[in-house]
Amino acid sequence: MIGPALLYTLIPVAAAVIGAAVAVNAKPGPVLVSAIQHLAAGVVFAAAAVEILPDVMHSGSPIATIVGGAIGIVVMLLVRRIGSFASGPVALMSMVGVDILIDGLVLGIAFAAGSKAGFILAVALTIEVLFLGLTVANELGESVRSKLKIVAVTAGLILLLPVGVLLAFPITLLPAPVLSGFFAFGLIALLYLVTEELLVEAHEVPDRPLVTAMFFIGFLLLLVLEEISG
């Protein structure tokens, strides 16, 4: 599964590079950014509910679920705590790097559940990583003049996604009860991404019905994709 997982990471990596290239040439407005955040949140939420949650619920390992979920909560709260003390481009890139690494880890774990689950999550993370590429490029644009350097730095940061997948590979070889704990960790990580990052930042601009609807559009699109893929 490691080969297909790494191959699928090329999709979100390419999306992030494209997002960075667009951002350095035409800075997107706050409404558009909010719409992308809502869309990404809906897609990631659907992926968590459709592909990760069933594996957690049917694992038959409640202790592993509790332990994995508790570790996920602690890790996410630590990430948030560290982020509250950070500021500036370097701090932003550090936080985004942690997010990307965890996303890669979760993607690798999803592939352990099956290629379909990994594919669905890869699609969901593509939209999220696209937004992160826009964010990093916009932040770097405040202090770095070279457009090529901004895109290159963003691309290098996004390469932490396949690194996370590689780190997840040994996890996929663990016994089923232990693996279910990691599924619970991945579920918490994805829900944190949706509720405490994407949606929180998305609501920093005044609500607009169409922008808010993007969350549900993303959710439905992922459900349709899941049904089509069989």
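As the structure is a computational prediction, the values presented were derived from the model and not from experiment.

**Let's talk about the nonpolar core**
Within the largest apolar cluster, 64 residues are counted, with the highest numbers of intra-cluster contacts made by Ile100, Leu107, Leu121 and Leu190. With 13 residues, the top contributor of residues to this core is helix α5 (residues 115-140). In this structure Leu107 touches Thr9, Gly118, Leu121, Ala122, Leu125 and Val165, once residues within four positions along its chain are discounted.

**Remarks on the environment of Ile52**
The residue Ile52 is located in helix α2 (residues 30-57) in this model. With a relative accessible area of 3%, Ile52 lands in the buried category. It is 16 Å that separates the C-alpha atoms of Ile52 and Glu227, two residues lying 175 residues apart in sequence. With sequence-adjacent residues up to four places away left out, Ile52 is seen in contact with Ala47, Ala110, Phe183, Leu187 and Leu190.

**Considerations on the packing of α5 against helix α9 (residues 209-228)**
Running from amino to carboxyl end, α5 crosses α9 at an angle of 150°, the nearest separation of the two axes being 11 Å. Between α5 and α9, the crossing angle belongs to the class labelled roughly antiparallel. The way α5 lies across α9 gives a crossing that is right-handed. Mapping the contact onto sequence places Lys116, Phe119, Ile120 and Val123 in α5 and Leu222, Leu225 and Glu226 in α9. When the residues that make up the contact of α5 with α9 are grouped by side-chain class, the tally is five nonpolar, no polar and two charged.

**Observations concerning α9**
Three or four residues apart is the spacing at which side chains of an α-helix point the same way, because the helix has 3.6 residues per turn. Counted at 1.5 Å a residue, the expected span for α9 with its 20 residues is 28 Å, and the 28 Å between its end C-alpha atoms agrees. For α9, the principal kink sits at Phe215 and spans about 25°. Buried within α9 are the following residues: Val211, Phe215, Gly218, Leu222 and Glu226.

**Some details on the side chain of Thr126**
In this fold, Thr126 is placed in helix α5. Among the residues examined, Thr126 registers a relative accessible area of 14% and is labelled buried. Beyond its immediate sequence surroundings of up to four residues, Thr126 is in contact with Ile11, Pro12 and Ala15.

**Overview of the packing of α5 against helix α8 (residues 176-202)**
Where α5 contacts α8, the axes come no closer than 13 Å and their chain directions differ by 30°. On the basis of the axis angle, α5 is roughly parallel to α8. Pair α5 / α8 crosses with left-handed handedness. On α8, the residues touching Leu121, Leu125, Glu128 and Phe131 of α5 are Leu190, Leu193, Leu198 and Glu201. Looking at the contact of α5 with α8 residue by residue, the class counts come to six nonpolar, no polar and two charged.

**Looking at the packing of aromatic side chains**
Two aromatic rings, taken as a pair, are described by how far apart their centres are and by the angle between their planes. Summed over the entire model, instances satisfying the criterion amount to five aromatic pairs. Considering the side-chain rings of Phe45 and Phe215, the 6.2 Å spacing of their centres and the 45° angle between planes classify their relative orientation as tilted. Of this pair, Phe45 sits in helix α2 while Phe215 sits in helix α9, and the two are 170 residues apart along the sequence. A relative accessible area of 31% means that Phe45 is categorised as partly exposed. Taken together, Phe45, Phe215, Phe216 and Phe219 form an aromatic cluster joined through their ring pairs.

Cut-offs applied
Residues numbered from 1 in each chain as written. Predicted model: local features only at pLDDT ≥ 70, side-chain atom pairs only at ≥ 80, totals over all residues. Heavy atoms only, no water. Core = buried A, V, L, I, M, F, W, Y, C linked by side-chain atoms within 4.5 Å. Buried < 20%, exposed > 50% of the residue type's maximum accessible area, 1.4 Å probe, protein only. Helix = DSSP H or I, 4+ residues; strand = E, 2+ residues; numbered from the N terminus. Contact = heavy atoms within 4.5 Å. Axes fitted to C-alpha atoms, helices over the stretch in contact; angles between N-to-C directions. Parallel < 35°, antiparallel > 145°, perpendicular 65-115°, else oblique. Left-handed = near helix turned anticlockwise from the far one by under 90°. Nonpolar A, V, L, I, M, F, W, Y, C, P; charged D, E, K, R; others polar. Expected span 1.5 Å × (residues − 1). Bend = angle between axes of the 7 residues up to and from the residue. Phe/Tyr/Trp six-rings, centres within 6.5 Å; stacked < 30°, edge-to-face > 60°.

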